[in-house]
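Structure assessment
Chain by chain, the residues run as shown.
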Amino acid sequence: MASDAVEIDAGGRAVRVSSPTRVIYEATDFSPEVTKVMVAEYYVAVADGLMRALHHRPVALERWPKGVREGMVMSTRADSHGDAFYQKRMMRGAPSYVESTRILFPSGRVADEICMTEIAVAAWAAHMGAITFHPWPTRRADNDRPDELRIDLDPFGSTTFTDAVRVAAVARELFAEAGIEAFAKTSGKRGVHVYARVAPKWTFTEVRHAAIAFARELEKRTGGVTTKWWKEERGDNVFVDFNQNCRDRTIASAYSLRPTPGATVSTPVSWDELAHLTDPRDFTLHSVPAKLAADGDAWATIDDVEHSLDTLLD
């Protein structure tokens, strides 16, 4: 039975975590079990990298209050009776240090979404059952102008993580030709995410158009790549999901846990490290804090330059 609440230190702020011994991830053959308080403590341990990815961004929470188990599913609009759900609006009763920012949905409706301003917010979110953070590609100073372009390389059919790694290397070269420095991370599942910071001067539509141009050129450059939207047309290829750049479409952040066995993490890596990586399950809640402490954040310089999208848009 879960024990009483405990407090943890999150950047100098005491954060209460209820039911701390509740098992969120069961043990696997490659990773020990994970409790609720361990999730909160993990996010505090990776604060440097996590806050670089989330700072001042609107963030949707992926909440699994019952933990992650085989057969559990996300709630959908068609069926709201799932075991987990996305929290896109600010919750009532949040602590005073949890701030919000106004966002505009594609439908034209507005909402106040959590804005990640300090690591205590992430720890509190873990207390609320959140395991994954889904940030917008904007900062709250202007939530209509993205400051990053995101390329999601998703293995489809018989393709594997190794195929996604190969395609990511080609994507890096293509970005470099456009004068853009790209950064990579594992998705925490089978894919690879490639990010680039851009100047916040283009609209969501323009950033998506740049991503489409990039994806189609990548498809031409190397085999085993598809931009086909319909799943039955993708075949055994790595799918380049350019629509992750649409308004209100989000990807799990750097250093976010994923709802997969073993508590895997979407982990930033250097390009050399990615080239030699064969199993993304090497990166879990248990291993990533030590990796970050020893190696530093592979995305430490991602905010140093804001790139232009002119070449891709041309």
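Above this note sits the structure.
We now turn to the structure provided with this report. (Residues numbered from 1 in each chain as written. Predicted model: local features only at pLDDT ≥ 70, side-chain atom pairs only at ≥ 80, totals over all residues. Heavy atoms only, no water.)

Observations concerning the pattern of salt bridges
Filter applied, for reference: A pairing counts as a salt bridge when a side-chain nitrogen of Lys or Arg comes within 4 Å of a carboxyl oxygen of Asp or Glu. Type-normalised accessible area, obtained with a 1.4 Å probe on protein chains alone, sets the label of each residue: buried when under 20%, exposed when over 50%, and partly exposed for intermediate values. Under the DSSP-based scheme used, a helix requires at least four consecutive residues in state H or I and a strand at least two consecutive residues in state E, with every element numbered from the N terminus.
A complete count under the given rule lists 22 salt bridges for this structure. A salt bridge links R249 to D241, with the shortest nitrogen-to-oxygen separation between them at 3.6 Å. Under the relative-accessibility criterion, R249 is labelled partly exposed at 30%. Note on D241: relative accessible area 7%, which makes it buried. The closest approach of N and O atoms between K291 and E273, which form a salt bridge, is 2.8 Å. Taken together, the positions of K291 in helix 7 (residues 288-295) and E273 in helix 6 (residues 271-275) put the pair 18 residues apart, joining distant regions of the chain. Each of R57, R139, D147, E148, R150, R197 and D303 takes part in a single network of salt bridges with overlapping partners.

Describing the sheet that holds strand 14 (residues 238-241)
Basically, it comes down to this: Strand pairing is assigned whenever DSSP detects at least two bridges linking the two strands.
The strand order across the open sheet formed by 6 strands is 13-14-10-12-11-15, and the pairing between neighbours is mixed. This sheet does not close on itself; its edge strands, each paired only once, are strand 13 (225-226) and strand 15 (268-269). Summarising the sheet, strand 10 (residues 148-155) and strand 14 pair through 4 bridges and their orientation is antiparallel. Among the inter-strand pairings, P155 is bridged to a residue of strand 14, identified as V238.

Considerations on the pairing of strand 9 (residues 130-135)
In terms of residue burial, strand 9 counts as a mostly covered element, since 6 of its 6 residues are buried. Examined bridge by bridge, strand 5 (residues 59-63) and strand 9 share 5 bridges and lie antiparallel to one another. Its bridge partner being in strand 9, E62 is matched across the sheet by T132.

Considering the layout of surface pockets
The condition is simple: Cavity means a closed set of points on a 1 Å grid over the protein atoms alone, one where a 1.4 Å probe fits but cannot get out, pocket means an open set with protein on both sides within 12 Å along at least 5 of 7 lines, and lining means a residue has an atom within 4 Å of a point. Grid points are joined across faces, edges and corners, and a volume is the space filled by probe spheres set on the points.
Estimated volume of the largest pocket: approximately 630 Å³. Forming the walls of the largest pocket are 25 residues, and the residues nearest its centre are Y86, H134, Q244, T250 and R258. Of all the elements in the fold, those that place two or more residues in the lining of the largest pocket are strand 5 and strand 10. Reported here for the second largest pocket is a volume of approximately 520 Å³.

A look at the environment of A171
Put simply, the rule is: In what follows, residue pairs with any heavy atoms lying within 4.5 Å of each other are defined as contacts.
By the element assignment, A171 lies in helix 4 (residues 161-177). Looking at A171, the relative accessible area reads 0%, which means it is buried. C-alpha of A171 to C-alpha of P261: the two residues are 90 residues apart in sequence and 29 Å apart in space. Ignoring sequence-local partners within four residues, the contact set of A171 consists of F214 and L218.

Focus: empty space enclosed by the protein
The following threshold applies: Each residue gets one label: Ala, Val, Leu, Ile, Met, Phe, Trp, Tyr, Cys and Pro are nonpolar, Asp, Glu, Lys and Arg are charged, and the others, such as Gly, are polar.
In the structure shown here, the tally under the stated rule is 3 cavities of 30 Å³ or more. In this structure, the largest cavity encloses a volume near 60 Å³. Lining the largest cavity are R22, I24, K36, V39, W64, P65, A126, G129, A130 and I131. Going through the elements one at a time, helix 1 (36-45) and strand 9 are the ones with two or more residues in the lining of the largest cavity. Along the lines of polarity and charge, the residues of the lining of the largest cavity split into 7 nonpolar, 1 polar and 2 charged. Along the walls of the second largest cavity sit A53, P135, E148, R150, Y195, R197, S253, A254 and W299, which together make up its complete lining. At the level of elements, strand 10 and strand 12 (192-197) are the ones that each hand at least two residues to the lining of the second largest cavity. Tallied by class, the residues present in the lining of the second largest cavity amount to 5 nonpolar, 1 polar and 3 charged.

All we've got here are geometric facts, nothing functional implied.
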